[in-house]
Amino acid sequence: MADVRPILVFGKSGQVARELERMASGGQVLVFAGRDRCDLLKDDPADLIRQIAPAAVINASAYTAVDKAESEPEAAYRLNRDAVAAMARACAALDIPFVHISTDYVFDGSKAEPYVETDPINPISLYGVSKAAGEGAVQAAGGRWTIFRTAWVFSPFGSNFVKTMRRLAAEKDEISVVADQWGRPTLAADIAAACLRAAAGEAALQGLFHLAGADDAVWADVAEHVFQDCLRRTGGRPALKRITTADYPTPAARPANSRLDTARLQATGWSPRPWRDGVDVCLAELE
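Cut-off values and rules
Residues numbered from 1 in each chain as written. Predicted model: local features only at pLDDT ≥ 70, side-chain atom pairs only at ≥ 80, totals over all residues. Heavy atoms only, no water. Pairing = 2+ DSSP bridges. Helix = DSSP H or I, 4+ residues; strand = E, 2+ residues; numbered from the N terminus. Axes fitted to C-alpha atoms, helices over the stretch in contact; angles between N-to-C directions. Buried < 20%, exposed > 50% of the residue type's maximum accessible area, 1.4 Å probe, protein only. Contact = heavy atoms within 4.5 Å. Phe/Tyr/Trp six-rings, centres within 6.5 Å; stacked < 30°, edge-to-face > 60°.

**Student:** Please give an account of the sheet that holds strand β2 (residues 30-33) that cites residues and values.
**Tutor:** Hydrogen bonds between backbone groups are what pair the strands of a sheet, and the pairing can be parallel or antiparallel. On the basis of which strands lie adjacent, the open sheet formed by six strands has the order β2-β1-β3-β4-β5-β10 and parallel pairing. Where the open sheet ends on each side, the last strands, each with one partner, are β2 and β10 (207-210). Across this sheet, the average inter-strand angle for adjacent strands is 20°, counted without regard to direction. Inspection of the sheet shows strand β1 (residues 7-10) paired to strand β3 (residues 56-59) by four bridges, in the parallel sense. Bridging from a neighbouring strand, Val-9 pairs with Ile-58 of β3.

**Student:** Tell me about the environment of Gly-183, and please be specific about residues and values.
**Tutor:** Among the secondary structure elements, Gly-183 is positioned in strand β8 (residues 182-183). Given the relative accessible area of 0%, Gly-183 is considered buried. Considered as a pair, Gly-183 and Ala-212 are 29 residues apart in the sequence and their alpha carbons are 8.8 Å apart. Excluding its chain neighbours within four sequence positions, the residues that come into contact with Gly-183 are Trp-152, Asp-215, Asp-216, Ala-217, Ser-258 and Arg-259.

**Student:** Tell me about the packing of aromatic side chains, residues and numbers included.
**Tutor:** Working definition: an aromatic ring pair is given by the centre-to-centre distance plus the angle between the planes. Scanning all chains against the criterion turns up five aromatic pairs. Ring geometry for Phe-148 versus Phe-209: centroids 6.1 Å apart, planes at 40°, classification tilted. In this pair, Phe-148 sits in strand β5 (residues 145-150) while Phe-209 sits in strand β10, placing the two residues 61 residues apart along the sequence. A relative accessible area of 0% means that Phe-148 is categorised as buried. According to the relative accessible area criterion, Phe-209 is buried, its value standing at 1%.

**Student:** Report on the side chain of His-225, specifying residues and quantitative values.
**Tutor:** With respect to the helices and strands, the residue His-225 is situated in helix α7 (residues 219-234). Once residues within four sequence positions are removed from consideration, His-225 is found in contact with Trp-275, Arg-276, Val-279 and Asp-280.

**Student:** Mind laying out unusual backbone geometry, listing which residues take part and the relevant values?
**Tutor:** One non-glycine residue, Ala-53, lies in the positive phi region at around 50°. Relative to the helices and strands, Ala-53 resides in the loop between α2 (45-52) and β3. Exposure remark for Ala-53: the relative accessible area of 31% places this residue in the partly exposed category. Even without being glycine, Asp-95 reaches a positive phi, approximately 55°. Tracing the backbone through its elements, the reader meets Asp-95 in the loop between α3 (73-94) and β4 (98-103). Note on Asp-95: relative accessible area 47%, which makes it partly exposed.

Spelled out as structure tokens, the structure:
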């Protein structure tokens, strides 16, 4: 008999959580815990997990303000390490799947090829360090856990690079975008779908996996694709100025290469979506 207990999702306003909300169907019942139900900066998420006794837990919450984390380390560690550790331990004690979303920023970007799961991590930002600590806490807790490292997430929801470029395209005649940081942009819906599979208890999806879009890109490539869509829709588009990381200094360092190799996840039957296709899906929904 199918487990009718709900899947508990921490976070309800982020990109992946919003996609999970509209994906839930059939026998899957999802319960979302936002700040009104569990403020991870001060509440113990283990209390809620024990109260609900869910079939699985998906952690779609995180401190994601990369630059702000440099001046708010306590909050970053609280959300990205301490709360995650509490969730993982509670799930291990209940012997239920725990699905956690991590980041490409656990790598320093010095590798010439895409990163695989067994590559050593060496984060170069406080955000990356806090997320790496969260990964370690999940693994230390034991139990049935899945970590999806993902990258450059975008969707029709919340704040993300695709939406920002679309907005700026309507406001500016020229936009400068970094063109020497390489990654693989990822549609939030694809992350959500994988999270649901892992939460259902698929044995093949236990462990650490890289989950990212197909094809390499720099930020300027993504901007160019958005601007071309603007040209199609409105007949106009801003000029794109490709700049270097040095031309656009930020409080937090970013890896020059954070491309993720997804071969291990593909072996489970998952297929990466070309990032341009994902951007088109997102932009079509925003029209």
